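Chain by chain, the residues:
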Amino acid sequence: MFKKIVSLTTVVLAYGLVTTVTYGQLLGLYEFDGGGNGTSWDDAANWEQVLDPTGGPLSGNPATPPDGVTSADIPLLGVVLVDNTQPGQTALDVSIGTAAGAGSLTISGGDLTPGRDVIVGRDAGGINLGVLAMTGGTLDAGDDIIIGSGSVGVMTMSGGAASVGDDFIINTNSSLTMN
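Just so you know, the residues in each chain are numbered from 1, in the order the chain's sequence is written. Local features in a predicted model are, by the rule used here, given only for residues with pLDDT of at least 70; side-chain atom pairs are given and counted only at 80 or more, and totals for whole chains, interfaces and linings are based on all residues. Based on all heavy atoms of the structure, the side-chain values leave hydrogens and waters out of the count.

Would you take a moment to explain unusual backbone geometry for this structure?
Glycine aside, residues mostly have negative phi, and peptide bonds are mostly found in the trans state. For Asn 173, which is not a glycine, the phi torsion comes out positive at approximately 70°. Following the sequence through the fold, Asn 173 ends up in the loop between β12 (168-170) and β13 (175-178). Think of it in three bands: residues with accessible area under 20% of the maximum for their type are buried, residues over 50% are exposed, and the middle band is partly exposed, with areas taken using a 1.4 Å probe on protein chains only. Of the residues examined, Asn 173 reaches a relative accessible area of 67% and is grouped as exposed. Strands are runs of DSSP state E lasting at least 2 residues, helices are runs of H or I lasting at least 4, and numbering of each runs from the N terminus.

Got a minute to help me understand the packing of aromatic side chains in this structure?
Centre distance and the angle of the planes are the two values used to describe a pair of aromatic rings. Each Phe, Tyr or Trp ring, with Trp reduced to its six-membered ring, pairs with another whose centre is within 6.5 Å; inter-plane angles below 30 degrees give stacked pairs, above 60 give edge-to-face pairs, and intermediate values give tilted ones. For the structure on display, the rule yields 2 aromatic pairs. Measuring from ring centre to ring centre gives 5.0 Å for Phe 32 and Trp 47, while their planes differ by 90°; the resulting arrangement is edge-to-face. Linking Phe 32 in strand β1 (residues 29-32) with Trp 47 in strand β2 (residues 47-51), this pair joins segments that are 15 residues apart in sequence. When sorted by exposure, Phe 32 lands in the same class as Trp 47, which is buried. Among the aromatic residues, those joined into a cluster by ring pairs are Phe 32, Trp 41 and Trp 47.

Explanation requested: the pairing of strand β3 (residues 71-74) in the structure shown.
Burial along β3 is two-sided: Ser 71 and Asp 73 and Ala 72 and Ile 74, pointing in opposite directions, are all buried. Pairing of β1 with β3 involves 3 bridges; the strand directions are parallel. Counterpart to Tyr 30 in the pairing with β3 is Ala 72. The sheet contact formed by β3 and strand β6 (residues 94-96) spans 3 bridges and is parallel. Looking across to β6, one finds that Ile 74 is bridged to Ile 96. A pair of strands is labelled paired if DSSP reports no fewer than 2 bridges between them.

Would you explain a nonpolar patch on the surface in this entry?
What makes a patch is a set of residues exposed beyond 30% relative accessible area and free of salt bridges, joined within 9 Å when like-charged and within 5 Å when nonpolar (Val, Leu, Ile, Met, Phe, Trp, Tyr). Only the protein chains shown count as cover for residues, and all accessible areas are computed by the Shrake-Rupley method using a 1.4 Å probe. When a carboxyl oxygen of Asp or Glu is within 4 Å of a side-chain nitrogen of Lys or Arg, the pair counts as a salt bridge. On the surface, a nonpolar cluster with roughly 220 Å² of combined accessible area is contributed by Val 164, Phe 168 and Ile 170. Relative to the assigned elements, Phe 168 resides in strand β12.

Could you clarify how one ought to interpret the pairing of β1 in this entry?
Sheet topology note: the β1/β2 ladder contains 4 bridges and is antiparallel. Following the sheet pairing, Tyr 30 is matched in β2 by Gln 49.

Can you help me understand the nonpolar core in this one?
Where a protein is soluble and globular, its nonpolar side chains tend to be buried together. What is meant by a nonpolar core is a set of buried Ala, Val, Leu, Ile, Met, Phe, Trp, Tyr and Cys residues, joined one to another through side-chain atoms within 4.5 Å. Counting 24 residues, the largest nonpolar core has Trp 41, Ile 74 and Leu 105 as the members making the most contacts within it. Ranked by residues supplied to this core, first place goes to strand β9 (residues 130-141) with 4 residues.

Even after reading the chapter, I still don't get the sheet that holds β3, so can you show me in this structure?
The pairing of strands in a sheet comes from backbone hydrogen bonds and takes either a parallel or an antiparallel form. Read from one edge to the other, the open sheet built from 7 strands follows the order β2-β1-β3-β6-β8-β10-β12, with strand pairing classed as mixed. Only two strands of the sheet have a single partner each, and these edge strands are β2 and β12. On average, adjacent strands in this sheet sit at an angle of 15° to one another, irrespective of strand direction. Fitted lines through C-alpha atoms serve as axes, helices being fitted only where they are in contact, and the angles separating the N-to-C directions of these axes extend from 0 to 180 degrees.

If you want it as structure tokens, here you go:
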């Protein structure tokens, strides 16, 4: 009997570790502040690192833009752009429109590949809008694209391609427009 319990415990522990590895571990949070050229995702000076890998507060520009182990918050309207000059952009999670402000992201070319979720309208207070506009390029979320998660989210597509590894969710008062 003891041998069965040890075997079951080992299987449960191994499964838990695999799940953690599959979804990745956050190694920081970057917030778009437009301090570089003011528009480009791939300009590290446009980002401020606001949390370190342990969740502690930081301040200052990172050496690189967000990558597969750092999440990206976008609390500014009309400034974040992924275009044909920016292939291979990534982040662990992308939140557009947060408690820090309304935000927008335009993808006109290139590609953005978050390892987990893209959340458009992520202000838990329900105030700050999130806008995602695609006119070209690709958006390939490793897990979900959620339009409206706390606040209103708006996604428009007139070109490009968006795909998910799991769910595409449009919540109440939010919208997806495809032309």
